[in-house]
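Spelled out, the chains give:
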Amino acid sequence: MSSQQYSAHVEAPINIAFIKYWGKREGGEKLILPTNDSFSITLSTKPFRSKTSVVLRSDIAEDELWLNGKKSDIANTARILSVLAYVRANCPEELKNLKAYIVSENNFPTAAGMASSASGYCALSAALVKAFQANVDVSMLARLGSGSACRSAYGGFVIWHKGEKADGTDCIATQFVDEHYWPEVQVMCAVLKGEVKDVSSTSGMQQSLKTSPLMQERIATTVDKRMAEVSEAIKQKDFHKFAEITMTDSDDLQEICRTTTPKIQYATEDSYAMIRLIRAFNAKKGKNVVGYTFDAGANCFMFTLKKDLPEVVAMLMAHFPTDFSKFFFNDQALLAECEKAKAPEEHCNLIDYPKNTFEMLLQSPVGPGVVYVDESESLIKL
Ligand code: DP6
């Protein structure tokens, strides 16, 4: 038997939620079962992605994972053990005893400060499902690694359904519309200088669930109502509405963190300045041209339409003047337009704030989700 026949090579993208996942329901910690549905946009695998190669082997004693050149301590990483156990429980009998040799890498610059767990666990899961020929939904397996990872399995606009079952088999992601439905939508991420967060999302969300008085209403009514409204806005391609709901959900998450005991704060002064700036810009334009959203970190994710992106970037640069060498764009023609764009006087002093810079500015269109690549692109040279 050649072990090469049991191999897979995968690239997986980042996703960014506009209706947030924040809390695991009772008894759902290990299986990662959320309190509510969430909704996200999948980015392109260019410029940033996680990549994983898996080869099943009979000549090694244990599963091995090499992450960015370093060997991981799998035995002490409960979530990786959980992913491996689940895939083995659902694969053909003759493959169960083969060991998984896994090599993974992320190409995000260190300065990106962006979470790679979503793309990383998604790439790992998609590669394992294929190599083990397992009868498992990729999003369901990725969820066992990190909740938000399940949404990277699909392209376009993606819903992670909270599900009802205790075993989590209905707690999966599905595609709402694919990446071709509303291709004008673009994602940017302004990576802001900030302190390293001291509360992980995993523990922060459970602290909020226990202590924030705002969580109950979010779970009972707010999210369901918002999911319905935002679905309609996407169907209608109503960007103003879409951005409004996005910003409201992001503000709610920050408010939940503020009312958590002990208080959690991910946003920095630069993050708050970005919020004021985007609000001021939208007010000047008389409609929402940009929507912001923040995760458990300082970085500002933005959604905008392609036709507006150069004007938005010029306005951002008037306030956060950042060298073009720090721009990581998927679309080089769009980058060239941004380099030429100059903000008009009325977009130049929208907030009173020091002229800080971004660490990096990322641009991506809506992307297609997991991509299986060819053996020739394997990270494993045996
Ligand atoms: C704020 O997926 O990192 O980004 O399931 O414990 O691994 P675990 O948490 P994680 O939480 C992400 C939270 C968020 C919102 C979101 O992506 O929906």
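Analysis parameters
Residues numbered from 1 in each chain as written. Predicted model: local features only at pLDDT ≥ 70, side-chain atom pairs only at ≥ 80, totals over all residues. UniProt positions renumbered as here; feature names shortened; annotations may be inferred. Helix = DSSP H or I, 4+ residues; strand = E, 2+ residues; numbered from the N terminus. Rg over C-alpha atoms; globule rule 2.2 N^0.38 Å. Buried ≥ 20, exposed ≤ 12 C-beta atoms within 10 Å, placed from the backbone. Contact = placed C-beta atoms within 7 Å.

In the annotation of an unreviewed UniProt entry, the entry for the protein reads Diphosphomevalonate decarboxylase, and the organism field reads Strigomonas culicis. Reading the Catalytic activity (unreviewed entry) entry of the UniProt record for the protein gives the comment "(R)-5-diphosphomevalonate + ATP = isopentenyl diphosphate + ADP + phosphate + CO2". The Sequence similarities (unreviewed entry) field of the UniProt record for the protein holds the comment "Belongs to the diphosphomevalonate decarboxylase family."

Now for the overall build of the protein. Regarding its fold elements, the protein presents nine helices and 15 strands. Relative to its length of 382 residues, the protein is compact, with a C-alpha radius of gyration of 21 Å against a globular reference of 21 Å. If one aligns the C-alpha atoms of the protein with their principal axes, the spans along those axes are about 70 × 45 × 40 Å. Within the protein, the fraction of its 382 residues that count as buried is 48%. Considering only contacts within the protein whose residues lie at least 6 apart along the sequence, 77% involve residues at least 24 apart.

Further remarks concern unusual backbone geometry. Only a minority of non-glycine residues have a phi that is not negative, and only a minority of peptide bonds are not trans. Residue Lys 46 is joined to Pro 47 through a cis peptide bond whose omega torsion reads 10 degrees. Within the secondary structure layout, Pro 47 lies in the loop between strand 3 (38–42) and strand 4 (50–57). Backbone torsion omega between Thr 261 and Pro 262 reads -15 degrees, so that peptide bond is classified as cis. Here Pro 262 shows up in the loop between helix 6 (239–258) and helix 7 (269–285).

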